[in-house]
Amino acid sequence: NAGVMQNPRHLVRRRGQEARLRCSPMKGHSHVYWYRQLPEEGLKFMVYLQKENIIDESGMPKERFSAEFPKEGPSILRIQQVVRGDSAAYFCASSPRPTYTGELFFGEGSRLTVL
Amino acid sequence: DQQVKQNSPSLSVQEGRISILNCDYTNSMFDYFLWYKKYPAEGPTFLISISSIKDKNEDGRFTVFLNKSAKHLSLHIVPSQPGDSAVYFCAASRGNQGGKLIFGQGTELSVKP
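Residue positions are given per chain, counting from 1 as you read along its sequence in written order. Here chains are named by letter from A upward and ligands by number from 1 upward, in the order in which they appear as written. The predicted origin of the model limits local features to residues at a pLDDT of at least 70 and limits the giving and counting of side-chain atom pairs to 80 or more, whereas totals for whole chains, interfaces and linings rest on all residues. No hydrogens and no water enter the side-chain calculation; it runs on all heavy atoms of the structure.

Considering the interface of chain A and chain B
Our working rule: Note on definitions: a residue-residue contact is assigned when non-hydrogen atoms from the two residues lie within 4.5 Å. Buried area, as used here, totals the accessible surface that two parts lose on assembly, with accessibility defined by a 1.4 Å probe and the loss added over both. The term salt bridge refers to a side-chain nitrogen of Lys or Arg lying within 4 Å of a carboxyl oxygen of Asp or Glu. Pairs of N or O atoms within 3.5 Å make up the polar contacts considered here, provided that, within protein, one atom can donate a hydrogen while the other can accept it, and that residues adjacent in sequence are counted only when both atoms are side-chain atoms. Note on conventions: DSSP H or I runs of at least 4 residues are helices, E runs of at least 2 residues are strands, and numbering of each starts at the N terminus. When residues are sorted by character, Ala, Val, Leu, Ile, Met, Phe, Trp, Tyr, Cys and Pro go into the nonpolar class, Asp, Glu, Lys and Arg into the charged class, and all the rest, Gly among them, into the polar class.
Contacts between the two partners involve 22 residues from chain A and, on the opposite side, 22 residues from chain B. Buried surface at the junction of chain A and chain B, both sides included, amounts to about 1700 Å², of which 57% is carbon and sulfur. When the area that chain A buries against chain B is broken down by residue, the three leading residues are A:Leu43, A:Tyr100 and A:Thr101, summing to 27%. Its salt-bridge partner being A:Asp56, residue B:Lys100 comes within 3.8 Å of it at the nearest N-O pair. Scanning the region where chain A abuts chain B turns up six residue pairs in polar contact (both at pLDDT 80 or more). Taken together, the elements giving at least two residues each to the side of chain A that touches chain B come down to β4 (31-37) and β5 (43-50) of chain A. Class assignment for the residues of the side of chain A that touches chain B results in eight nonpolar, seven polar and seven charged.

Shown next, in the form of structure tokens:
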């Protein structure tokens with residue numbers, strides 16, 4: 001499968017636990033973007049990473065959220081001490097180079113439910 | 001501060017007819033406008049885009065119109081097909097931050113056979 005791969009597809013956590021979401025970009029893509037979709041809303045930009053670098057994290061909540069894209073392996077979005085408001089669909093997208101037109105390739109998303 | 005707005009949460013159209021989805025924006029600095037299509041339990045898929053220097057872009061059954069003076073764009077689907085039933089998101093970007101898309105809330109299109 002040459003598409004953007006996200007796992008897990010579904011994740012259930014209790015309040016206070018940690019959630020780790022993984023994203024493998026399309027082959028040949030070195031730019032990764034994370035978006036969050038809250039219920040009944042559009043997608044909201046969280047963070048843009050290139051291999052080993054955070055380029056733009058202006059959409060990330062200041063606390064509990066972090067992202068990385070190591071030299072080897074997938075990009076990871078980490079949410080510490082989850083709260084019910086973190087329940088959402090988290091989408092990863094990738095591009096082969098910095099995009100000026102906004103055309104991104106999205107994964108199928110990871111749906112986080114916080115009990 | 002909703003910079004991109006889709007005011008119609010849903011739209012129902014008969015197969016073969018035209019579907020018109022609308023989108024308004026507030027930021028005149030946007031360089032590109034895009035439409036993404038999303039099926040349930042899947043990620044958004046890029047559909048069509050338009051540069052801010054153009055007023056129309058066409059790709060098969062899909063045409064996007066941009067009215068900069070009104071800060072309004074629309075997506076026309078002609079003819080509509082049942083397989084077009086999905087949620088359509090309007091999005092905007094600034095050229096130097098192309099991957100940082102600002103999405104509207106989405107419009108759910110239902111095409112009836």
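Some thoughts on the side chain of B:Ser52
Residue position: B:Ser52 is located in the loop between β5 (45-51) and β6 (56-59). Ignoring any residue separated from it by four or fewer positions in sequence, one finds B:Ser52 in contact with B:Phe30, B:Asp31, B:Phe33, B:Leu66 and B:Lys68.

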